[in-house]
Amino acid sequence: MSDNSTLSELDRPNSYIGRSVPRPNIRRLLEGRGTYTDDIVLPRMAHVAFHRSPHAHAMIKSINSEAAAQVPGVIRIVTGRELAEVMTPWVGVLSHLAGMKSAPQHAIAVNQVCWQGEAVAAVVAENRAVAEDGVELIEVEYDELPVVADMETALDEGTHVIHPELGDNLIFQRELDVGDVDAAFAEADEVVEETYRFGRHTGVTTEPRIIIADYEPAEDNLTVYLSSQAPHMMKNLYAKHLDMEEDKVRVICKDVGGSFGIKVHTYADEMATVALSKLLKRPVKFLADRLESFVTDIHARDHRVKIRLGIKKDGTITGMEFDDLTGVGPYSMYPRTSGIEANQVVVLTGGPYTFKNYRAKATVVALNLNLMCQYRAVGHPIACAIAEGIVDDAARAIGMDPAEVRRKNLIPDDAYPYIANSGLTYEKLSHHQCLDKLLEMMDYDGLRQEQAELREKGVYRGIGLASMIEVTNPSPMFYGAGGAFISAQDGVTVRMDHNGGVTASTSITEQGQGADAITAQIVASSVGVDIEKVRVVSGDTEVTPYGGGTWASRATGIGGEAALRAGKQLRQNIKVIAGAMLQAEPDTLDVQGGTVVDIDTGKERLALSEVGRVVYFRGDTLPKDLQPELVVSRHYVPKEFPFTFTNGIQAFHVEVDTDTGFVKLLKCWVVEDCGTVINPQLVDGQIRGGVIQGVGGAMLEHCIYDDNGQLQNANMADYMVPMAVEMPDIEIAHCSSPTKDSELGAKGAGEAGTCGAPGAVMNAINDALSPLSAKVNNMPFTPEKVLKALGKV
Amino acid sequence: MSTLYPVTVTVNGSPVTRHVEARLSLSDFLRQELELTGTHVGCEQGVCGACTVRLDGRITRSCLVFAVQADGGEIETVEGLSDNGEIDDLQTAFHERNALQCGYCTPGMLITANELLKKNPSASRAEIREELSGNYCRCTGYHAIVDAVETTGRQRQGGAK
Ligand code: FES
Ligand code: FES
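What counts and how
- The residue numbering used here restarts from 1 in each chain and proceeds along that chain's sequence as written.
- Chain letters start at A and ligand numbers start at 1, both assigned in the order the entries are written.
- For this predicted model, a pLDDT threshold of at least 70 governs which residues receive local features, and a threshold of 80 or more governs which side-chain atom pairs are given and counted, while totals over whole chains, interfaces and linings are taken from all residues.
- With hydrogens and water set aside, each side-chain value is computed from the structure's full complement of heavy atoms.
- Only Phe, Tyr and Trp rings are paired, with Trp represented by its six-membered ring, and only when their centres lie within 6.5 Å; those with planes under 30 degrees apart are stacked, over 60 edge-to-face, the remainder tilted.
- Only when the NZ atom of a Lys or the CZ atom of an Arg is both within 6 Å of the ring centre and within 35 degrees of the ring normal do we say a charge sits over the ring.
- Every patch collects residues that have over 30% relative accessible area and no salt bridge, joining them within 9 Å if they carry like charges and within 5 Å if they are nonpolar side chains (Val, Leu, Ile, Met, Phe, Trp, Tyr).
- To be clear on the numbers: accessible area is Shrake-Rupley with a 1.4 Å probe, and residue cover counts the displayed protein chains and nothing else.
- One speaks of a salt bridge when a side-chain nitrogen belonging to Lys or Arg is within 4 Å of a carboxyl oxygen belonging to Asp or Glu.
- Neither His nor the chain termini are counted; the positive set is Lys and Arg, and the negative set is Asp and Glu.
- To locate a charge, take atom NZ for lysine, CZ for arginine, CG for aspartate or CD for glutamate.
- Helix numbers and strand numbers start at the N terminus; a helix is a DSSP run of H or I with at least 4 residues, a strand a run of E with at least 2.
- Whether two residues touch is decided by their heavy atoms; if any such pair falls within 4.5 Å, the residues are in contact.
- Defined in terms of a 1.4 Å probe, buried area is the accessible area two parts forfeit on being brought together, summed over both.
- Pairs of N or O atoms are called polar contacts if they sit within 3.5 Å, as long as, within protein, a hydrogen donor faces a hydrogen acceptor (for residues adjacent in sequence, only side-chain-to-side-chain pairs).
- Two strands qualify as a pair provided DSSP detects at least 2 bridges between them.
- Axis angles are defined between N-to-C directions and span 0 to 180 degrees, where every axis is a line fitted to C-alpha atoms and, for a helix, only to the segment in contact.
- Residue count minus one, scaled by 1.5 Å, sets the expected span of a helix.
- Partly exposed residues are those whose accessible area sits between 20% and 50% of the maximum for their type, while under 20% is buried and over 50% is exposed, using a 1.4 Å probe and protein chains only.
- Each domain's extent is set by a domain assignment, obtained either automatically or from a database.
- Ten residue types, Ala, Val, Leu, Ile, Met, Phe, Trp, Tyr, Cys and Pro, are classed as nonpolar, four, Asp, Glu, Lys and Arg, as charged, and the remainder, Gly among them, as polar.
- How sure the predictor is of each residue is captured by pLDDT, a score from 0 to 100.

A. View of the packing of aromatic side chains. Residues and elements named next belong to chain A. Across all of its chains, the model carries twelve aromatic pairs over all chains by this definition. Judged by centre distance (4.4 Å) and plane angle (50 degrees), the ring pair of Phe-478 and Tyr-479 falls under tilted. Stacked on the ring of Tyr-267, the Lys or Arg Arg-209 has its end atom at 3.9 Å from the ring centre. The ring of Trp-551 has Arg-554 sitting right over it, with the charged end atom 4.9 Å from the ring centre.

If you want it as structure tokens, here you go:
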């Protein structure tokens, strides 16, 4: 553990840490000069389109591709059986999630199709349009099987078992029982209970999934251009399932048009594209169109939770119990599995509060619907909404203000380190400080008064609060311990060239959050150069250190610390060389603004370009025993804690039109504690984008399946996403409890917004509806559901 | 081979002619035939706004127009509007306010916002939100975009730089 009480490294002269520096290197995106994967054209590049199953569950009887093969420009048609000779199937389980099971999944279905949209045959052609012409001419005969589409009955005797060899449709189950919940309920003055439902929704990245695989047979090299968050993970998986040497695989992520956890998984059609490139010995490109995105991009959040909470008249929560049921896909997603979301619900629910009696159960079942897996804030929105929802119910039951109930039960700010019901340790959180700041920022009392006055006039406004914790910076305990080659560490290599310019290559990746920018800020600060002198390279497994990438709000906390350590060591190396050149003790020198200076007086001694000139061109003038090293690599992995925890609180203010059921979001406030903030504007951007993504799930977004497993709204006109007009302004403030596990102290902020928003919105709506004895509990809260709650339809 | 039709258009001030299939959309024409990849495609359905360009002076979803329909037309894309400086102030405001994250929606957003400010530089936040509501952004939550457009509007009105 390092001592960061003085923050010396972060407070250096001209430090960029904590400053809202505009992101370097994005003017090109503003001018339409980015390079997204779809912009890349390779020689002899072919295009693949897939024939996809119209059925949710069926056996493939026959595939007739004769007519398709006649289409001019069609190069090759490949079935699952043929492709299986090039690529091995995979099983999405992790060994530390005890009892988890799933069936082998192929890149293209071999015998059985298990969801509507699963690929059945690939048509490779000279261009996409011709490939699609071919797809239309493929004739497949199916024998339909019973469709398992209802999670409530998926485990019933009599329900069809999707993969008979597994014995049942259970994928994973997790239980946790801490303290004595029965006694806690007996001791309570009120026990409240509710059932919450969360609609299945998806990421809808503006740039759809895209991959170009370029297999070069002469040297047995594979280069994959991929819109992804985890290039090193994918490099390993391509090699593993194509039976190649991993060193021969290179994964390059150019500009990525949004990811949010959508682009961190192993998609069957992408694996098929890579295998097709190997089979055809030429580059093959696959770009998901929007329909394909809806039926194949992972879905998330389809949960039903029955929850109970005991409370005393004085507001003390005595205990909580819940039963969470979630229906994922026919396969657990590879390699991160489809069990993590439910596991997070068990680990996180009620996490901000002091009660010690807690019983949680989560059951994950297989369905013949598209696969579910980790999407921004994984499980947190559910954990937060069910706890915050039931806390508000309890507050109403005892007639106490919801802010007061929280104040009474939130973990005190001086109680850290604190061991949660999950057994995990919170190093340092700031719930009360955040609550106080939030109530002041939003003028809580004023809003309550206004609410009462407006109610008299028949205007129904509501205020909803949601306290939350977020788990970030996962250690190897998250995936590595379960046997997956998903790195928990990251590395940064910094290099100073002869002119004093610094290049930093990092294993974290950029999808718009600003990973490159914070890397530049940290390297510029720790080396001691202007940020304009720093170039950042990321997203290429050939030229960056090995690492995890950007997901689980880990990039700044882990990759940022590696950048700090690398930059510090480069500065030290520069001081040693400059010391030799100036015949001064290195410790009497510093590097500031691209110049070697006297540390005490700040007097300029030597430009970095002079150090570089001597090192690279006149090494003969340096002492014989000094080998100058202007390239430094450093790595970092969290060690002290298996996970870092951040905290925060959100509030929504809404107005419900009781005639139309329409909910207007008036305003949102967020107070967030993500430890050290590197770039406040970027953190605020993450929070705002995250909040609106959470609002999407709460108010609009829903993958609607019918009983036959057919997705009813697989296009952007029928699947509603948040657009500018319906969304509120979001005011943000910060508290800061840096982690001492790293010198940087950053904890991560990528997902907190998404975590809190659904619960806060729900509580605001129910606060508005409370005088009418109406309540909603089934997301998304469409006008129709609000009117139903009001008994008007 | 399917029939090819000649299309002659003026793109960012330069006349170009290509022979294309009738089914080729204007967005694919710009991206694939002319390699102007700043115009993005998000939905091919007229909903997301990523493909927004200016066609004969009007902002248009290029995924909804066939290239052959644009024959004889004048097209401006984000590359052209960047080169001629027309949206420089907006781009600077977007950069400074971090009104873009992944940047995929950004060309369409800039072209739509520019049109809005030409009509109404003093647009209120609510009006800006209304006008931008055909442009989907998954990353920013819109707040920073509204800020940047508002700031640019004020600058254009005040003649400030
Ligand atoms: S691609 Fe044209 S509106 Fe979405
Ligand atoms: S910046 Fe990514 S979609 Fe708008």
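B. Quick look at a negative patch on the surface. A cluster of acidic residues, Asp150(A), Asp156(A), Glu157(A) and Asp707(A), forms a negative patch at the surface. Tracing the chain through its elements places Asp150(A) in the loop between β6 (139–144) and β7 (170–178).

C. Local environment of the interface of chain B and chain A. Counting residues at the interface gives 46 residues for chain B and 51 residues for chain A. Taking both sides of the interface into account, the surface hidden between chain B and chain A amounts to around 4200 Å²; carbon and sulfur atoms contribute 52%. At the boundary of chain B and chain A, one finds eight salt bridges. Our enumeration of links across chain B and chain A arrives at 36 residue pairs in polar contact (both at pLDDT 80 or more). For the side of chain B that touches chain A, the elements supplying multiple residues, two or more each, are α2 (78–83), α3 (88–97), α4 (106–119) and α5 (125–131) of chain B.

D. Layout of the sheet that holds strand β5 (residues 74–76) of chain B. Residue and element names in this part refer to chain B. Read from one edge to the other, the open sheet built from five strands follows the order β2-β1-β5-β3-β4, with strand pairing classed as mixed. If you trace the sheet from one side to the other, it starts and ends with β2 (14–21) and β4 (58–61), each paired once. Taking each pair of neighbouring strands and ignoring which way they run, the sheet shows an average axis angle of 40 degrees. Inspection of the sheet shows strand β1 (residues 4–11) paired to β5 by two bridges, in the parallel sense. Within β5, the position partnered with Thr-10 by the bridge is Glu-74. Across the sheet, α4 touches β3 (52–55) and β4, and the angle it forms with β3 is around 50 degrees.

E. Local environment of α4(B). Residues and elements named next belong to chain B. An ideal rise of 1.5 Å per residue puts 20 Å on 14 residues; α4 measures up with 20 Å between its terminal C-alpha atoms. Within α4, twelve of the 14 residues are buried, which leaves the element mostly enclosed by the surrounding structure. Thr-106, Pro-107, Gly-108, Met-109, Leu-110, Ile-111, Thr-112, Ala-113, Asn-114, Glu-115, Leu-116 and Leu-117 are the residues of α4 that are buried.

F. How the structure looks around the domain arrangement of chain A. Residue and element names in this part refer to chain A. Examined at the domain level, chain A breaks down into domain 1 (9–34 + 489–636), domain 2 (37–145 + 208–256 + 262–296) and domain 3 (379–475 + 640–789). On a C-alpha basis, the centres of domain 2 and domain 3 stand 38 Å from each other. Where domain 2 meets domain 3, there are three residue pairs in polar contact (both at pLDDT 80 or more). Here the residues of the side of domain 2 that touches domain 3 sort into five nonpolar, two polar and one charged.

G. Geometry of the side chain of Asp39(A). Its place among the elements puts Asp39(A) in the loop between α1 (27–30) and β1 (46–52). Residue classification places Asp39(A) among the buried residues on the basis of a relative accessible area of 15%. In this structure Asp39(A) touches Gly34(A), Arg31(B) and Thr37(B), once residues within four positions along its chain are discounted.

H. Molecular detail of the confidence of the model for chain A. Of all residues in chain A, 99% have pLDDT values of 70 or greater, and the mean over the chain is 96. In this model, residues 1–7 of chain A is a region of pLDDT below 50 whose contacts with residues beyond four sequence positions or in other chains number 13 contacts.

I. Inspection of the sheet that holds strand β30 (residues 730–735) of chain A at higher detail. Residue and element names in this part refer to chain A. Taken in spatial order, the four strands of this open sheet run β20-β28-β29-β30, and their pairing is mixed. The sheet is open, and its two edges are formed by β20 (460–472) and β30, each paired on a single side. Strand-to-strand twist across the sheet, computed as the mean angle between neighbouring axes with direction ignored, equals 15 degrees. With ten bridges connecting them, strand β28 (residues 644–656) and strand β29 (residues 663–673) associate as antiparallel partners. Its bridge partner being in β29, Val-654 is matched across the sheet by Leu-665. Contacting β20, β28 and β29, helix α18 (residues 752–769) crosses the sheet at an angle of about 155 degrees to β20.

J. Representation of the confidence of the model for chain B within the structure. For chain B, per-residue confidence averages 96 on the pLDDT scale, and 98% of positions sit at 70 or higher. For this predicted complex, the interface confidence score (ipTM) comes to 0.98, while the overall pTM stands at 0.97.

K. Just the domain arrangement of chain B, in detail. Residue and element names in this part refer to chain B. Each assigned domain of chain B is listed with its residue range as follows: domain 1 (4–81) and domain 2 (87–156). Averaged C-alpha coordinates put domain 1 and domain 2 at centres separated by 22 Å. Each partner contributes to the interface: domain 1 provides 16 residues, whereas domain 2 provides 13 residues. Together, the buried faces of domain 1 and domain 2 total about 1200 Å²; carbon and sulfur atoms form 58% of this surface. Across the contact surface, domain 1 and domain 2 share one salt bridge. A salt bridge links Glu-115 to Arg-54, with the nearest nitrogen and oxygen atoms 3.7 Å apart. For the pair domain 1 and domain 2, the interface holds five residue pairs in polar contact (both at pLDDT 80 or more). Contributing elements (two or more residues each) for the side of domain 1 that touches domain 2: β3, β4 and α2. When residues in the side of domain 1 that touches domain 2 are grouped by element, the largest group, three residues, is from β3. When the residues that make up the side of domain 1 that touches domain 2 are grouped by side-chain class, the tally is eight nonpolar, six polar and two charged.

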